[in-house]
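Structure assessment
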Amino acid sequence: MQPTEYLANTEVLHSSLTHAFARFQHLADVNTPPNHCEISELHSIISESRTLLSNLTAMNMLVETKETVKALTLRIDQITFILNSAKKITHPLRSLPNEILCLIFAHCIDYDDRERNSLSVDQAPWTVSYVCRSWRHLVTSCPSLWSTPCFDFTAYGTDRRFYLHTVYLLTLYIDRTSALPFDVTLRVMSDCIGHISFRHILQATSGQWKSALLDLPLSEILLLFRGCTFPLLKSVSFRDCHNDIEDEEDIDMFSLLPLLQSITITAESLLTPQSILMPWSQIVEYNCEHNMFSTDNLDVLRHMTSLQYLVAYVAVGLSLEAVEPLVLPSLTHLKLSVAGATESDGTNLLACLAFVRMPLLNDLTLNYSERNALCPVSYHPNFLSVKTLRVHLNLVSTNSNNFVHFLSLMGGVEELELSGVNISDQVLQALTPTDDGILVLPRLRVLDTHNAVYALALDPDPNPHILAFHNMLLSRSRAHKRLVFTLEKLVAAPTWRSGNH
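Rules used in this analysis
Residues numbered from 1 in each chain as written. Predicted model: local features only at pLDDT ≥ 70, side-chain atom pairs only at ≥ 80, totals over all residues. Heavy atoms only, no water. Patch = residues over 30% accessible without salt bridge, like charges linked within 9 Å, V, L, I, M, F, W, Y side chains within 5 Å. Areas by Shrake-Rupley, 256 points an atom, 1.4 Å probe, with all protein chains shown as cover. Salt bridge = Lys/Arg side-chain N within 4 Å of Asp/Glu carboxyl O. Lys, Arg positive; Asp, Glu negative; His and termini not counted. Charge placed at Lys NZ, Arg CZ, Asp CG, Glu CD. Helix = DSSP H or I, 4+ residues; strand = E, 2+ residues; numbered from the N terminus. Buried < 20%, exposed > 50% of the residue type's maximum accessible area, 1.4 Å probe, protein only. Core = buried A, V, L, I, M, F, W, Y, C linked by side-chain atoms within 4.5 Å. Contact = heavy atoms within 4.5 Å. Pairing = 2+ DSSP bridges.

As for a negative patch on the surface
A surface patch of negative charge is lined by Asp110, Asp112, Asp113 and Glu115. If you trace the backbone, Asp113 turns up in the loop between helix H5 (98–106) and helix H6 (133–140). Judged by relative accessible area, which is 32%, Asp113 ranks as partly exposed.

So, in structure tokens, the structure goes:
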């Protein structure tokens, strides 16, 4: 059949497809899913369009005149449009349950972005609601998408033009939480126009607060919390807060928080010169991002009789002479880091650990890089309760002995994770399994050195201790079936790394 004849014969089929698809054209411009009957008809249109398009494409290669080429090309474009539109309408994405869509929308929100501002309509979840009518209805009726607000008032400064609009957005955002408990982040309010209105709006939601991250001056925090009840508040973080209160009276604004269990304080000045009255005895988790052994912080820690998780720093040059030892009877997890210069001789982590009595300590993490951070002390703390030990270190020749001594105090460790640089062969020898188990850690069953970097002499030949360490670990782990070993391969090089190399 000639192309012109075939083109004429397909006119009826083309008209039929065009007429049939016209009833579904409106669905191509929205995200509304078709019903079952419409899906069946659309699948028929897709099948017929593919057949017709295949024949037209094959016939287009046989044409000789420009007029026929133009007519066939136009017909192909029309059928292609119908086919693509029908496939778009029947796409499975349109039939996703609302619960799945809400989970997808939640991933559009960058919760880790410190620049995130829930009052910016150029950020999710606001932007998701602009896509179509159905998505807007779904987003505005899904409280979980609005349950992690980050209200940053610094962007509005003293510009009165944005004041009423900001109040409207704040009210609208809170309304969309539908009284669902939420985790709130607040940034400076006291310097912006309308901060009193913002504070009153937020105080009205105090019964919904589940956790709060406050980047506010202490005076603004006082005004925000005073006179309000927070029956659901479990966690409070004071980030970059500064103490701008001149009175020396105790600050009694957090004492009635029945569910509060977690506190994070990044500024040591927040504890002085006043005493912040908190329900310290019920605190379970304390993230102390400043010197753990300051006088004010020790006073706070002594009241934390229920504390189980502690993250803290040790200041360089710390001296604990003539200080009463600290007792943390319920502590099970401790993460301790040395903050400051890396070559100081004045901070001894082992002395700090010996200073604290932790009878239930189970999980210990140490981050240090100082030369004498683990010097032996006269009092040997009892670490037999520790089952999991993580150490990030920077060993040099003068402190490998100290680290081996420290490991000898950890006889109960079952899981050891080493990371850092300059892991010497002396340390590897101490960890090398014998026929009876591990030399210094007899109960060790999981050893992870995947992120460790080993120190070698500038010798092209493989270091015998490292090779022996590698081979014996492999053989003992196979024989005893107790040791899970993550050091997979070592390669001869000026610097040795564990892992896939």
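The discussion continues.
A few points about the nonpolar core
Counting residues in each nonpolar core, the largest one holds 100 residues, and the members touching the most others are Phe151, Leu186, Trp209, Leu310, Leu364, Phe403 and Phe406. Among the elements that line this core, the one with the most residues is helix H7 (residues 163–176), at six residues. Not counting residues within four places of it along the chain, the set of residues in contact with Leu364 comprises Leu334, Leu353, Val386, Thr388, Leu389, Arg390, Phe406 and Met410. Residues Leu42, Ile46, Leu56 and Ile82 belong to the second largest nonpolar core, which totals 18 residues.

Details of the pairing of strand E2 (residues 182–187)
For a regular strand, the rule is simple: side chains alternate between the two faces of the sheet. For E2, a buried count of five out of six residues is recorded, marking the element as mostly surrounded by other parts of the structure. In the sheet, strand E1 (residues 150–152) pairs with E2 via three bridges, with the strands oriented parallel. The residue bridging Cys150 from the neighbouring strand is Thr185, located in E2.

Description of the environment of Pro33
Considering the arrangement of structural elements, one finds Pro33 in the loop between helix H2 (11–22) and helix H3 (36–60). Overall, Pro33 belongs to the partly exposed group, its relative accessible area being 40%. Separated by 60 residues in the primary sequence, Pro33 and Leu93 place their C-alpha atoms 8.8 Å from one another. Residue contacts for Pro33: discarding those within four places in its chain leaves Arg94 and Ser95.

By themselves, these are just geometric observations and shouldn't be taken as functional.
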